[in-house]
Amino acid sequence: MKDFKIYLSIAGCLMLIYLVAQYNKPTPVNWAPTFYYKDKIPLGSYVLYNQLNQVFPEANIIKTNKSIYNTFHDSTVLQGNYLILAKSVTVNKFDFDELVKFIKNGNCVFISCFNFNGFLADTLKLSTAAENSKQYAWLNFENKLLKQQDDYIFYKAIGNQYFDDFDTAKATVIGKNNFGHSTYLSFKFGKGSLFLCANPGVFTNIGILKNNSADYASKALSYLPQTKNIYWDEFQNGDIAEDTSPMRVFFENPSLQWAYYLSLCGMLVFVLFEIKRRQRIIPIIEPLTNSTLDFVNVVGQVYYEKRNNTNIAHKKILYLLEHLRDEYQVKTNKLDNEFIERVTAKLNIDRQLAVDLVSFIKYINVQDHVSDRDLIELNNLIEQFYTKTR
């Protein structure tokens with residue numbers, strides 16, 4: 001047992017050292033393009049979402065996790081700009097019809113993603129591609145008022161995406177890269193406009209914070225008019241509701257997650273070991289005895305020793321009459337023929353038994369002393385009465 005404790009202590013110390021090392025290990029950079037408004041990783045959109053009020057000072061930011069059709073088909077949707085930042089966007093015919101209806105009413109929609117799919121891509125003949133990964137693309141605007149003398153340079157080739165095909169008859173080119181490929185387009189529908197950008201990475205945290213390129217995102221969004229409502233789409237990006245469980249702190253950190261699992265395993269081993277070492281035979285507990293019969297015997301013994309037959313007889317008569325009143329609602333103030341007829345009819349017993357019982361009760365009531373024979377006779381009649389009425 002002593003050796004086992006030594007081994008257990010050594011294992012515990014090694015485990016503690018491992019957990020401390022894992023906890024202090026530098027977390028590798030997560031380069032997954034989530035575009036999630038809560039993510040502070042390089043390709044999350046935490047900075048953009050929290051700086052929207054810098055571009056649209058008086059706007060209310062409204063998140064929606066419904067499809068485009070369900071969002072715009074809702075009559076409660078207010079005038080405003082609709083923003084979609086995602087890895088890919090799929091718009092069917094019903095979505096497109098509601099989208100165009102929303103734009104024609106004087107609203108604007110901004111979509112930035114890697115891939116445009118569905119009816120939107122087919123209608124506007126959209127197709128995207130990427131420049132050679134060994135060459136970084138630099139972006140700029142076509143508008144001379146917005147165009148910067150030096151192109152905007154973006155980190156990790158996040159600006160390499162461009163439109164290799166689109167409906168040139170309907171589109172207006174807003175931005176291009178240094179290779180002359182279009183990266184930012186607009187389409188006019190009624191009183192509003194649809195803006196499409198092939199580089200969602202430039203609106204992420206690293207795209208805004210690295211190399212002072214936040215000016216590009218600000219100018220790109222400045223094409224959208226000032227409005228009181230900005231809708232932030234969560235549906236196209238597959239964003240899910242935020243986890244509010246207290247355990248999220250453990251599961252968001254790999255080190256704490258493994259520490260949690262190891263703790264559970266350690267507790268299980270401890271419980272199994274303690275069960276094996278400490279379990280004892282469970283003693284048999286005798287059930288509680290019924291003391292009612294003992295009480296009756298004691299009371300009976302007391303009455304028997306006193307030999308007060310008159311008291312016993314009167315009590316038995318009293319209990320019988322009370323039983324008739326409570327159970328059968330029979331008046332017992334007069335023990336006459338009417339009483340006998342009522343008892344016989346209600347209890348459906350032999351009339352002779354009722355006559356004998358009433359007669360004997362009257363006999364006992366006028367006696368100063370009741371003999372053993374009379375008490376036994378009264379008891380027999382009462383027991384017969386109870387038996388017949390069950």
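Up top is the structure these notes are about.
Residues numbered from 1 in each chain as written. Predicted model: local features only at pLDDT ≥ 70, side-chain atom pairs only at ≥ 80, totals over all residues. Heavy atoms only, no water.

Asker: Would you mind showing me how to read unusual backbone geometry here?
Answerer: Among all residues save glycine, negative phi is the norm, and among peptide bonds the norm is trans. In this structure, Q329 is a non-glycine residue whose phi angle is positive, near 50 degrees. By relative accessible area, which is 55% here, Q329 ends up exposed. For N348, which is not glycine, the phi dihedral falls at a positive 55 degrees. Looking at the secondary structure, you find N348 in the loop between α13 (337–347) and α14 (351–365). Owing to a relative accessible area of 69%, N348 belongs among the exposed residues under this scheme. (Buried < 20%, exposed > 50% of the residue type's maximum accessible area, 1.4 Å probe, protein only. Helix = DSSP H or I, 4+ residues; strand = E, 2+ residues; numbered from the N terminus.)

Asker: What should I look at first to understand the environment of D164 in this one?
Answerer: Along the chain, D164 turns up in strand β9 (residues 161–165). Take D164: its relative accessible area is 42%, and that puts it in the partly exposed class. Sequence-distant contacts of D164, that is, excluding residues within four places in its chain, are made with S127, T128 and A129. Within the local environment of D164, its side chain forms a polar contact with the side chain of S127, the two groups lying 2.9 Å apart. (Contact = heavy atoms within 4.5 Å. Polar contact = N/O pair within 3.5 Å; in protein donor to acceptor, adjacent residues only side chain to side chain.)

Asker: So what exactly am I meant to see when it comes to the pairing of strand β3 (residues 88–91) here?
Answerer: Here is the key point about a regular strand: its side chains alternate between the two faces of the sheet. Of the two faces of β3, only one is covered, namely that formed by V89 and V91; the face formed by S88 and T90 stays uncovered. In this sheet, strand β5 (residues 115–118) lies alongside β3 in parallel orientation, the contact comprising 4 bridges. Directly across from T90, in β5, lies its bridge partner N117. (Pairing = 2+ DSSP bridges.)

Asker: Which parts of the structure should I look at to understand the pattern of salt bridges?
Answerer: Any two side chains of opposite charge can pair, given that their charged atoms come close. A full pass over the atoms with the stated rule returns 6 salt bridges. Note that K219 is salt-bridged to D215, the shortest N-O span being 3.1 Å. Here D215 and K219 lie together in helix α8 (residues 214–221), a separation of 4 residues that amounts to about one turn. Owing to a relative accessible area of 19%, K219 belongs among the buried residues under this scheme. Residue classification places D215 among the partly exposed residues on the basis of a relative accessible area of 31%. Across the salt bridge formed by E341 and R351, the nearest N and O atoms sit 2.8 Å from each other. Taken together, the positions of E341 in helix α13 and R351 in helix α14 put the pair 10 residues apart, joining distant regions of the chain. For R351, a relative accessible area of 38% gives the class partly exposed. (Salt bridge = Lys/Arg side-chain N within 4 Å of Asp/Glu carboxyl O.)

Asker: Before we go on, may I ask you to explain the nonpolar core in this structure?
Answerer: In globular proteins that are soluble, nonpolar side chains generally tend to be buried together. Membership of the largest hydrophobic core comes to 36 residues, with the highest contact counts inside it found for F110, Y184 and F203. Not counting chain neighbours up to four residues away, the residues in contact with F110 comprise Y82, L83, I84, Y184, F195, C197, F203, L221 and L224. In this structure, F72, F102, F116 and L185 belong to the second largest nonpolar core, which totals 30 residues. (Core = buried A, V, L, I, M, F, W, Y, C linked by side-chain atoms within 4.5 Å.)

Asker: Sorry, what's going on with the packing of α14 against helix α15 (residues 372–389) here?
Answerer: For any two helices packed against each other, one specifies the crossing angle of their axes together with the interaxial distance. As a packed pair, α14 and α15 sit with axes 10 Å apart at the nearest point and diverge in direction by 145 degrees. As α14 runs across α15, the sense of the crossing is left-handed. Residues L353, D356, L357, F360, I361, Y363 and I364 of α14 form the contact with α15, whose own contacting residues are D374, E377, L378, L381, I382, Q384, F385 and K388. Looking at the contact of α14 with α15 residue by residue, the class counts come to 10 nonpolar, 1 polar and 4 charged. (Axes fitted to C-alpha atoms, helices over the stretch in contact; angles between N-to-C directions. Left-handed = near helix turned anticlockwise from the far one by under 90°. Nonpolar A, V, L, I, M, F, W, Y, C, P; charged D, E, K, R; others polar.)

Asker: Honestly, the packing of helix α12 (residues 309–328) against α14 in this entry has me stumped. Any pointers?
Answerer: Interhelical geometry of α12 versus α14 gives an angle of 135 degrees and a closest axis separation of 10 Å. In this view, α12 runs oblique relative to α14, as classed from their interaxial angle. Of the two elements, α12 crosses α14, and the hand of that crossing is left-handed. Here A313, H314, I317 and L320 of α12 come into contact with α14, specifically with L357, I361, I364 and N365. Across the contact of α12 with α14, the residue classes tally to 6 nonpolar, 2 polar and no charged. (Parallel < 35°, antiparallel > 145°, perpendicular 65-115°, else oblique.)

Asker: Explanation requested: the side chain of E234 in the structure shown.
Answerer: For E234, the location among the structural elements is in the loop between β13 (229–233) and α9 (248–252). Of the buried charged residues, E234 lacks a salt bridge, with K63 as the closest side chain of opposite charge at 5.8 Å. In contact with E234, other than residues within four places in its own chain, are Y36, Y37, K63, T64, N65 and D239. (Lys, Arg positive; Asp, Glu negative; His and termini not counted.)

Asker: I keep staring at a nonpolar patch on the surface and nothing clicks. Help me out?
Answerer: A cluster of nonpolar residues, V249, F250, F251, W258, Y261, L264 and M267, forms a patch on the protein surface that exposes about 700 Å² of accessible area. Summarising the element assignment, F250 is placed in helix α9. (Patch = residues over 30% accessible without salt bridge, like charges linked within 9 Å, V, L, I, M, F, W, Y side chains within 5 Å. Areas by Shrake-Rupley, 256 points an atom, 1.4 Å probe, with all protein chains shown as cover.)

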